[in-house]
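Summary of structural features
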Amino acid sequence: MASAFETNLATAERLLTRFRDRPLGHFIDGREVPGQSERLFDNLSPIDGGIINRVHAGNAADVDAAATAAQRAFPAWAALPGTERKRILHRVADGILARAEEIAVLESLDSGQPIRFMSKAAERAAENFRFFADRAPDAANGLSLPARDHLNFTVRQALGPVAVITPWNTPFMLSTWKIAPALAAGCTVVHKPAEWSPLTAMLLAEIMAEAGVPAGVANLVNGLGEEAGKLLTEHPAIKAVAFVGESTTGSHIMAQGAPTLKRVHFELGGKNPVVVFDDADLDRALDAVVFMIYSLNGQRCTSSSRLLVQSGIHDAFVERLAERVARIRVGHPLDPSTEVGPLVHERHLNKVLSYCDIAREDGATVKVGGVRAGEPGGNYVRPTLFTGANNRMRIAQEEIFGPVLTAIPFNDEAEAVAVANDVAYGLAGYVWTRDVSRANRVALKLDAGMVWINSENNRHLPTPFGGMKASGIGRDGGDYSFDFYMETKNICVALDTHTVPKLGA
């Protein structure tokens, strides 16, 4: 009997056939189409550096066709009753679950993420669609705001065609996290996925079309960020840009959309602290510390990449941590036993490894890892732990976005908060202590959009998700998503009891 690994490999070969037979194109106005340019780019395997498939590089004509289709489809989709949008979006969720294995295997193969995590990608993506589907019937509802002589009430209406630009780390789930609320609100979408992991975006486009999302409502353009992405953020038909990615790219997008006054929603970088006090449940804290930086190859915005440990327990805690890190299993992403797979691209691998030299130059110690692993040609790196660090070092200030953790000691609560906040970012924070009062004090003082106390990152869909400072603008989740994808309108009705001012009477 074949092992699960062997079965996954065979499934991957079968699924890749369609992508190898012809270059991956776009999905515009309800159908897959080739690019209007003959230019192609290679989608490279993180496993061995070979070519997975070739992809059409979207140009101005492709972007314009997608944006025009979204603009043309918008009035009818926005006017569709929310109950009907709910029905369609639930069918999208059904379609996602029906293709769960295909999504997981292709996502793992394309991004390098271990199959143990990607096996849940479809489940989480379907949950996103169901959550916002159920809110579609009430998305336009507002507030009643009565005054003495007038009745004010608010309503919301869909913004228009929007651009959704998604990253390469967990592309399928993050695409649904943006696209589902946009569609539920009544917006139409042009999706530009990351060029380093484009495969599953086409699956999502197909699933939406098969579920009954009308032609032109959800479009897909593949291409390079500096070309297709830039054209999309500048297109006059696009009313807003929802972007997940690196902070510098976010600032470029803001500048590109400024001439057309585009609304922007950014989920950007992070250098998130996990603060462990000496009274914490250290066994649980250790589990959470390891999980939150080494799962998903360390390639997630909410990873806790700075470990702040109270000085009295620092050395013992770090020794236990180092033993765990050294035992993390690095391997092929389709092997169910793999805990850390290859990084998404050789360029990113080189960036991550460069911080080992930077750490040594700044006086820190590479206690574990810091070297390539696996077969030649693959983007494998040993999970890495830096010790002997302080918060002024580049390894404590810059987002590495890989399986790399920097440990820093602190003496007391005030120092912990000061060190935690002394970065350009402010996405997430994690606090471990048995002292309820201290936990709340620290959480309130952290400059972060989200704080977890005695927990790893736990997602609850009604809650706001987003960051402060260089970590982003706006919030996802619950009704907060509709605040971005919809305009709020106030309507004031007179009760005929007020005096109307007279001029020239």
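Definitions and limits used
- Residues numbered from 1 in each chain as written.
- Predicted model: local features only at pLDDT ≥ 70, side-chain atom pairs only at ≥ 80, totals over all residues.
- Heavy atoms only, no water.
- Buried < 20%, exposed > 50% of the residue type's maximum accessible area, 1.4 Å probe, protein only.
- Helix = DSSP H or I, 4+ residues; strand = E, 2+ residues; numbered from the N terminus.
- Contact = heavy atoms within 4.5 Å.
- Pairing = 2+ DSSP bridges.
- Axes fitted to C-alpha atoms, helices over the stretch in contact; angles between N-to-C directions.

Attention now goes to helix H10 (residues 247–257). Buried residues of H10: Ser247, Gly250, Ile253, Gln256 and Gly257, and no others. Packed against the buried residues of H10 are strand E7 (161–165), helix H9 (225–234), strand E10 (240–244), strand E11 (263–267) and strand E19 (425–426).

Right, let's get into the sheet that holds strand E14 (residues 365–368). Within a sheet, adjacent strands bond to each other through the backbone by hydrogen bonds, running parallel or antiparallel. Across the sheet, seven strands lie side by side as E14-E17-E18-E13-E12-E20-E21; this open sheet has mixed pairing. Only two strands of the sheet have a single neighbouring strand rather than two, namely E14 and strand E21 (450–453). Pairs of neighbouring strands in the sheet enclose a mean axial angle of 25 degrees, with direction left out of account. With five bridges joining them, strand E13 (residues 306–310) and strand E18 (residues 404–410) adopt parallel strand pairing. By the bridge assignment, Leu307 is partnered in E18 with Ala407. The sheet strands contacting helix H12 (residues 311–327) are strand E12 (273–276), E13, E14, strand E17 (384–387) and E18, and the helix crosses E13 at an angle near 140 degrees. In this fold helix H16 (residues 436–445) packs onto strand E20 (428–432) and E21, with an angle of close to 165 degrees to the strand it touches most, E21.

One non-glycine residue, Asp29, adopts positive backbone phi at about 55 degrees. The backbone phi angle of Phe401 is positive, close to 60 degrees, even though this residue is not glycine. Looking at the element boundaries, Phe401 is found in the loop between helix H14 (394–397) and E18. Taking the relative accessible area as the measure of exposure, Phe401 reaches 15% and is therefore buried.

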